[in-house]
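Examining the three-dimensional arrangement
One letter stands for each residue in the lines below.
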Amino acid sequence: MKNRVIVTGGAGYIGSHTAVELAQSGYTPVLLDNFSNSTPAALDGLREILGFEPEFEQVDCADKSALFAAMEHIASRGTVEGIIHFAAFKAVGESTQEPLKYYANNVASTVHLLEAAAHFNLTEFVFSSSCTVYGQPEHIPVDEEAPIRRAESPYGYTKQACERILADFCASGYPMKAALLRYFNPIGAHPSSKIGELPLGHPNNLIPYLTQAAAGLRDPLTVFGNDYPTPDGTCIRDYIHVMDLARAHVAALQWLKNQPPTCEPFNLGTGQGNSVLEVIQAFERATGVAVPHAIGARRPGDVTAIFADATKAQNVLGWTSEKTLEEALLDAWNWQQALNN
Ligand code: UFG
C-alpha cells in the first residue's frame, strides 16, 4: 500500500468523498470514524466506488488512548504520509444548546491527533475548517486576509480554536506542515449516488432539507427570512460541489509535500454567491422537480451574505472549483432518490 493517508471522519460526508479522490490520485485512504454522525453504509458505498475494501478503524479521536492504539495498529501495517482531519460535530444550532459536547469533541480530537502526529513522526496535516471563522464578514468576497471575527456559535469557536492550536503547534519547533481548508457551503454527492450527505434526523442544512422536502418526506422548506439586505431578501452563500472540495484536499496534500514547516489557510468556494431562492430555482431547473416552500422567520445566527475569494487556492494549490450549482443540485437529488430506494 503506497501513500497511505489517514482520514478522520472517513465515513462522514466530506471524508468519504475525499477518500474517493485520494484513491483516484494514487493515495491509499486509511479511514477513522466512530459513527457518531455517520453509518457503516457509507463504507459499503465507498467499497463499491473504490473496488476494494478501504482500511478502516472504528475509533473516537477524542479518546486519546483509543486513538493511539488505532494509530499504532495503522503504523504497524506500513508508513503513513499524512493526516486529513474531518472528524467533528458540525451542527451550528446544536452547538448553542450543547456547547461542551462541541468543545470536548472538536478540540480534543484535534489536540490528540496532533499529539499522535508528533508521536508517529507525521508532518503533513490538512484541517477541515470553515468560513464560519470569518463570522459576519465586513467585505465580500472574503479572502484569507479577512479578520477572524467573533464566531456566531460554539461550533464556530471550535473551528477558530483548532486553527489556533494548529498554528501554535506549527510555530513550536515541531516540523509540522498544515493546511487550514476553510469550506464555504459543501453540497451535492458523488455522481454514482453511492455516497452522499446522510443527515441523521432532522436536516439543519439547506440542501438535505430541500431534497427531502422535494421528495415529499418533510414539510415544505422554510426559507429563513426574506427581509435581508440582498437583491431578493434571502441569504447568500457560496455552494460548492463536494467532489470539487474533495479534490482540493488532494491538492493541499500534494502542495504540503514540498513545503517547509508552515500553517496556511485556504478558502474553498466557487467565488459565486447564490440566494436561497436562487438555489430553489436552480434545483427546479436542474431536476424538473418543484420544491414546496414557504417564507419563514430569520434563523438566529445566520450571516446575511458570504462567498469566497478563492484566488489563493487557485494560485498556490492550482485548484479551482469546476462543477456548477445545477450539477451539484442534480447530484444531491439523485443521491436523495437512491436513499429513497
Ligand atoms: N436555510 C433555509 N432553510 C433551511 C435551511 C437553511 O432557508 O431549512 C438557509 C439558511 O438560512 C442559509 C442557507 O440556507 O441562508 C444555508 O444554510 P445552511 O444551514 O445550509 O448553511 P450555513 O451557511 O448556515 O452553514 C454553513 C455550514 C456551517 C458553517 C457555516 C458558516 O453548514 O458548518 O456555513 O457560514 F459554519
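Conventions adopted
Residues numbered from 1 in each chain as written. Predicted model: local features only at pLDDT ≥ 70, side-chain atom pairs only at ≥ 80, totals over all residues. Heavy atoms only, no water. Buried < 20%, exposed > 50% of the residue type's maximum accessible area, 1.4 Å probe, protein only. Helix = DSSP H or I, 4+ residues; strand = E, 2+ residues; numbered from the N terminus. Pairing = 2+ DSSP bridges. Core = buried A, V, L, I, M, F, W, Y, C linked by side-chain atoms within 4.5 Å. Contact = heavy atoms within 4.5 Å. Axes fitted to C-alpha atoms, helices over the stretch in contact; angles between N-to-C directions. Parallel < 35°, antiparallel > 145°, perpendicular 65-115°, else oblique. Left-handed = near helix turned anticlockwise from the far one by under 90°. Nonpolar A, V, L, I, M, F, W, Y, C, P; charged D, E, K, R; others polar.

**Remarks on the pairing of strand β5 (residues 124–130)**
- With seven of seven residues buried, β5 is to be regarded as a mostly interior element.
- Residues of β5 alternate between two faces, with E124, V126, S128 and S130 on one and F125, F127 and S129 on the opposite face, all of them buried.
- Here three bridges tie strand β4 (residues 82–85) to β5, and the two strands are oriented parallel to one another. Bridge pairing links I83 to F125 in β5.
- Summarising the sheet, β5 and strand β6 (residues 177–183) pair through seven bridges and their orientation is parallel. Counted as the bridge partner of S129 is R182 from β6.

**Quick word on the nonpolar core**
- L22, L181, L268, L317 and W319 are the most contacted members of the largest nonpolar core, which has 39 residues in total.
- Contributing elements (two or more residues each) for this core: β1 (4–8), α1 (13–24), α2 (41–50), β6, α8 (242–257), β11 (262–268) and α10 (311–317).
- Of all the elements, α8 adds the most residues to this core, at ten residues.
- In this view, L268 contacts L181, R182, Y183, F184, I240, L245, A248, A313 and W319; residues no more than four positions away in its chain are not counted.

**A word on unusual backbone geometry**
- Cis geometry marks the peptide bond from I140 to P141; its omega dihedral reads -5°.
- For P141, the location among the structural elements is in the loop between β5 and α6 (154–170).
- Here N3, not a glycine, exhibits a phi torsion of approximately 50°, which is positive.
- With respect to the helices and strands, N3 occurs in the segment before β1.

**Observations concerning the pairing of β11**
- Buried residues dominate β11, accounting for five of its seven residues.
- Taken together, the seven bridges between β6 and β11 define a ladder with parallel strand orientation. Paired with A179 across the strands is E264, a residue of β11.

**A look at the packing of helix α5 (residues 99–119) against α6**
- Between α5 and α6, the shortest axis-to-axis distance is 9 Å and the interhelical angle comes to 20°. When the interaxial angle is binned, α5 and α6 end up roughly parallel. Between α5 and α6 lies a crossing whose hand is right-handed. Here α5 contributes P99, Y102, Y103, N106, V107, T110, V111, L114 and A118 to the contact with α6, which in turn contributes P154, Y155, Y157, T158, A161, C162, I165, L166 and F169.
- Residues belonging to the contact of α5 with α6 are distributed by class as follows: 15 nonpolar, three polar and no charged.

So, to be careful, I would describe these as geometric facts and stop short of saying anything about function.
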